[in-house]
Structures are given as structure tokens and as C-alpha cells.
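Summary of structural features
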Amino acid sequence: MKTVRTILILFSIFLFLLCSCVGDEVVTTVAVVNGEMITQEEFEYFKDRKRADIINYYISDFDAKVDEDFWRTEFNGITPEKDLEDRAFSECVKAKIQLVLCRENGIYDDISFIGLRQRAENFNSQDKSGAIGLKTIDMDTFYTYYIDTGVMELKNILGEKELAPTGEEINACLENFGTQEENYSAARKAAIAKKYDDMIEKLCNEADIQK
């Protein structure tokens, strides 16, 4: 009798937990980068964006035939499928590191894939009659949109602080723009961009990645 009662209690708890999950989105974690989750959705997002590049690369460099065996055929010891996964994962890591910086600098509060998607959906649902500028965010590219937009703002913020270029660094970039006074601003931006790229590369190489 006691056993039956225990089973009924456990079953009731199971039903409660099951019902409490209804309507919630199931999130599958692919990896954790510096304590931040990379979800399956993020991974698939970058795989979709990289797929055409991978196909073109193997056609161009290996004269590959894109048939049903293409993704599992080895070229120089790696299959296009594995190459696609590796490149997409690297993009996930870079995106996560940049989004964390965006959050730390007050650009975004919720940097999760789901959170940014909801942000885009909320933006698209707003009445923008008569508004100037962006009216709709493409939901196929929303994640990249927020990353690119965040990075632009991040460079402006960090360019006044830890990424502020020295006169020597700006002058080095001026060689690519000419020495006219009006090109100083462009050279300064280029110097900040280089320091930013170097910083992100370093952070990616030093990232704590748990798969």
C-alpha cells in the first residue's frame, strides 16, 4: 500500500512538472562558452548562413559534385558537413563573446537567442507609421542584425576607453586614407576596428568552452 501511494505521489509530481512546461520553448544546449549557453537554434542559424559558402568553397577548390554524398565525402581529410559544423560553431563562439560585451556595456540586457528574437518580433509588431529609418527586421537574419548593430555601438563605446587608439596607431591607418585632415576620423575608426578585432580574436582563443 505504501509503495502504491509513493508511486501515485511521484506520478502526480511528474504530471505537475509536465504541465508546467506547456507553452515553454524547449532549449537544447550545444556548448557553454565562458558560462554562456550556445543553443541548438544558434548553431543551426549559423549553419544555414554558412551552407552556401561551404558549397561554393568545395566546388571552387575541389571541383566537388554536389550530390547526395557531397556532405559526407572527404576532401583533404575533412567532410563538408564537419567543415560546416566547425565554421558555424566558431561563429557561435565569436557571437556569444561579442554579445556578452554588449551586455556588459549596457547595449542589450537579454543576449539569448530567444531574447533577441523576441526583441525583433516586438519591434516588427510596433506601429511605425510615418517613422523614419528601419521599419522591419528580417527574421531570417535578426540575430546577425543585432550582433552587427551591437558591435557598431560597442566600438564607439570602447573606442573612447580601453580601445582608444594612440596617435601612432591612427597615423599608421592614415597611410591608407591619405593625410588630409578630413580623413583623420576614418583613420581613427580603422584603428579602433583593428584593436577591436585583435581583442575579439584573443578572447575567442582564450574562451572556456565546454561541449
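Description of the structure in this document.

Quick notes on the rules
- Residues numbered from 1 in each chain as written.
- Predicted model: local features only at pLDDT ≥ 70, side-chain atom pairs only at ≥ 80, totals over all residues.
- Heavy atoms only, no water.
- Helix = DSSP H or I, 4+ residues; strand = E, 2+ residues; numbered from the N terminus.
- Contact = heavy atoms within 4.5 Å.
- Areas by Shrake-Rupley, 256 points an atom, 1.4 Å probe, with all protein chains shown as cover.
- Axes fitted to C-alpha atoms, helices over the stretch in contact; angles between N-to-C directions.
- Parallel < 35°, antiparallel > 145°, perpendicular 65-115°, else oblique.
- Nonpolar A, V, L, I, M, F, W, Y, C, P; charged D, E, K, R; others polar.
- Pairing = 2+ DSSP bridges.
- Phe/Tyr/Trp six-rings, centres within 6.5 Å; stacked < 30°, edge-to-face > 60°.
- Lys NZ or Arg CZ within 6 Å of the ring centre and 35° of its normal.
- Salt bridge = Lys/Arg side-chain N within 4 Å of Asp/Glu carboxyl O.
- Buried < 20%, exposed > 50% of the residue type's maximum accessible area, 1.4 Å probe, protein only.
- Core = buried A, V, L, I, M, F, W, Y, C linked by side-chain atoms within 4.5 Å.

1. Things to note about the overall build of the chain
Assigned secondary structure in the chain consists of 7 helices and 3 strands. Starting at the N terminus and walking to the C terminus, you meet the elements of the chain as α-β-β-α-α-α-α-α-α-β. Considering only residue pairs separated by 6 or more positions, the chain has 59% of its internal contacts joining residues 24 or more positions apart. As displayed, the chain offers around 13,800 Å² of accessible surface, 52% of which is attributable to carbon and sulfur atoms.

2. Here we look at the packing of helix H2 (residues 40–62) against helix H4 (residues 113–125)
Following both chains from N to C, one finds H2 and H4 inclined at 70 degrees, their axes separated by 9 Å at the closest point. What the angle tells us is that H2 and H4 run roughly perpendicular. Each of Glu41, Glu42 and Tyr45 in H2 lies in contact with H4, whose residues at this interface are Phe113, Ile114 and Arg117. Of the residues assigned to the contact of H2 with H4, the class counts are 3 nonpolar, no polar and 3 charged.

3. With respect to the pairing of strand S2 (residues 36–39)
When strand S1 (residues 29–33) meets S2, the two strands line up antiparallel, connected through 4 bridges. Residue Val32 lies in a different strand from S2, and its bridge partner there is Met37. Once S1 ends, the chain turns through 2 residues before running back antiparallel as S2, passing Asn34 with a positive phi of about 50 degrees.

4. Remarks on the packing of aromatic side chains
For the coordinates displayed, the defined rule picks out 18 aromatic pairs. On the numbers, 4.8 Å between centres and 80 degrees between planes, the contact of Tyr57 with Tyr58 is edge-to-face. Three or more aromatic residues joined by ring pairs form one cluster here, namely Tyr57, Tyr58, Phe62, Phe70, Trp71 and Phe75. A cation over an aromatic ring shows up here: Arg87 above the ring of Tyr57, its NZ or CZ 5.0 Å from the ring centre. Taking NZ or CZ as reference, Lys211 lies 4.1 Å from the ring centre of Phe89, over its face.

5. Remarks on the pattern of salt bridges
Two side chains of opposite charge can pair, provided their charged atoms sit close to one another. Counting across every chain of the model gives 13 salt bridges. One salt bridge in this structure joins Asp69 and Arg72, with 3.7 Å as the shortest N-O distance. Overall, Asp69 belongs to the partly exposed group, its relative accessible area being 40%. Looking at Arg72, the relative accessible area reads 56%, which means it is exposed. Between Arg188 and Glu160 there is a salt bridge, with its nearest N and O atoms 3.6 Å apart. Of this pair, Arg188 sits in helix H7 (residues 184–206) while Glu160 sits in the loop between helix H5 (142–158) and helix H6 (167–177), and the two are 28 residues apart along the sequence. On the basis of relative accessibility, which here comes to 59%, the residue Glu160 falls in the exposed class.

6. Remarks on the nonpolar core
By size, the foremost hydrophobic cluster in this structure holds 35 residues, and its most contacted members are Phe46, Tyr108, Phe142 and Tyr143. Of all the secondary-structure elements, those providing two or more residues to this core are S1, H2, helix H3 (80–104), H4, H5 and H7. Broken down by element, this core gets its largest block of residues, 10 residues, from H3. Residue contacts for Tyr108: discarding those within four places in its chain leaves Leu99, Cys102, Arg103, Leu116, Arg119, Tyr146, Thr149 and Gly150. By size, the runner-up hydrophobic cluster in this structure holds 6 residues, among which are Ile54, Tyr58, Ala64 and Leu84.

7. Focus: the environment of Leu158
Within the secondary structure, Leu158 sits in helix H5. Each C-alpha atom, one on Leu158 and one on Tyr196, is 8.4 Å from the other, the two residues being 38 residues apart in sequence. Setting aside residues no more than four positions away along its own chain, Leu158 makes contact with Asn105, Leu163, Ala164 and Met199.

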